[in-house]
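# Close look at the chain arrangement
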Amino acid sequence: MSFALRQTAAALPSLADCYKGPLAPFTPPLIGTEIPAGAIKAARWRNPALLEQDISLYASRYPGGDKRAITSLWSKWHFVALTVPTLAAQLILNRDLPVGLDNVHVIVNEQGCTKQLWLPDEGVPLDTQAPGKRFAKLIDQHWAPLIERLAAISGAAPRVFWSNAGGYLNFYVNALAEHPEVNQEALSAARALLESRHLNGQRNPLFQPVRTFTPKGSDEVKQVRKLCCLRYLLDEFSVCSNCPLEGCDRVARKRST
């Protein structure tokens, strides 16, 4: 690379530069450096046995616990770590990160859950506002194959994991709307993704994962997930504050599941 090109590349904002405002509490992924020792290549999760092996440390925290709930909670850790940098790149830099399952390495915490990503590069500029094309790496190349395996090893319906992914997508799209450098066209594309019943000619599993309403007799605006994440099936947890099952007979539901 020539000196002029190196200067131009250096002048481009990096993903790490975006981690301010609503992103300040988060740690950006490692990009293009040496892959950290112990990092897991996410492509190995295409093998259900290896995926189950990598979830086993987290599962050991809940001996005898419902496998569907454990796997769902594990997925939520991973989806946060994946969704935040993907949206930061999309909505601030208008850039498509290489977040396909075959490109990502995962750094896990002491619980065995994803805490940070390693990516090979900073991605490429996006030249479309079509949600299906903008988010293809995230949806088609990461979420879709991973969710298929998560459902297979846990017995939970795929829609549970899509709901987890969509819930975080909805939350962080709204959070990033407050970022001082948000790209309004990219923000509109992300919101269109969440409001489209169909995606690339098929049913959109991310359609309206959260609904907003005002309860009768109240002025409070409430948000409720479309589907429960199943965490109530573990004795250590109750339902989430935005769970559609809030107020239900938790014990009775566990017995009937």
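Residues numbered from 1 in each chain as written. Predicted model: local features only at pLDDT ≥ 70, side-chain atom pairs only at ≥ 80, totals over all residues. Heavy atoms only, no water.

## Structural notes on the overall build of the protein chain
A count of helical and extended segments in the protein chain gives 8 helices and 10 strands. Within the protein chain, the proportion of its 257 residues that are buried is 47%. The contacts of the protein chain with a sequence gap of at least 6 include a subset with a gap of at least 24, amounting to 65%. (Helix = DSSP H or I, 4+ residues; strand = E, 2+ residues; numbered from the N terminus. Buried < 20%, exposed > 50% of the residue type's maximum accessible area, 1.4 Å probe, protein only. Contact = heavy atoms within 4.5 Å.)

## A short note on the environment of Arg 149
Mapped onto the elements of the fold, Arg 149 is located in helix H5 (residues 136-154). Between the alpha carbons of Arg 149 and Trp 45 there is a distance of 7.6 Å; along the sequence they are 104 residues apart.

## Focus: the sheet that holds strand E4 (residues 105-108)
Strand order in the open sheet formed by 4 strands is E1-E5-E4-E2, with mixed pairing between adjacent strands. Each edge of the sheet is formed by a strand with only one pairing partner; in this case those strands are strand E1 (30-31) and strand E2 (40-41). Sheet strands in contact with helix H3 (residues 67-93) are E4 and strand E5 (114-119), and its direction is about 40 degrees off that of E5. (Pairing = 2+ DSSP bridges. Axes fitted to C-alpha atoms, helices over the stretch in contact; angles between N-to-C directions.)

## Points about the packing of aromatic side chains
Going through the model one piece at a time under the given rule, you end up with 8 aromatic pairs. An angle of 50 degrees between the planes, with centres 6.0 Å apart, marks the rings of Tyr 62 and Phe 237 as tilted. With Tyr 62 in the loop between helix H2 (48-59) and H3 and Phe 237 in the loop between strand E10 (222-225) and helix H8 (250-256), this residue pair connects regions lying 175 residues apart in the sequence. For Tyr 62, a relative accessible area of 8% translates into the label buried. Since its relative accessible area comes to 22%, Phe 237 is described here as partly exposed. When the ring of Phe 171 is compared with that of Tyr 172, the centres are 5.0 Å apart and the planes differ by 85 degrees; the resulting orientation is edge-to-face. (Phe/Tyr/Trp six-rings, centres within 6.5 Å; stacked < 30°, edge-to-face > 60°.)

## Examining H3
Taking 1.5 Å of rise per residue, the 27 residues of H3 would be expected to cover 39 Å, and the 38 Å separating its terminal C-alpha atoms lies within 8% of that figure. Most of H3 is tucked away: 24 of the 27 residues are buried. (Expected span 1.5 Å × (residues − 1).)

## Some words on the nonpolar core
One finds Trp 45, Trp 143 and Leu 169 to be the most contacted residues of the largest nonpolar core, which totals 70 residues. Elements represented by at least two residues in this core include exactly H2, H3, E5, H5, helix H6 (158-176) and helix H7 (184-195). If one sorts the elements of this core by residue count, H3 sits on top with 14 residues. Apart from residues lying up to four places away in sequence, Trp 143 is in contact with Phe 79, Leu 82, Thr 83, Leu 138, Trp 162, Ala 165, Leu 169 and Leu 206. (Core = buried A, V, L, I, M, F, W, Y, C linked by side-chain atoms within 4.5 Å.)

## Side note on the state of the cysteines
Across all of its chains, the model carries 0 disulfides by this definition. Of the cysteine sulfurs around Cys 243, a residue in no disulfide, the closest is that of Cys 228, at 3.8 Å. For Cys 243, a relative accessible area of 6% puts it in the buried group. (Disulfide = S-S within 2.5 Å.)

Read these as spatial facts, not as claims about activity.
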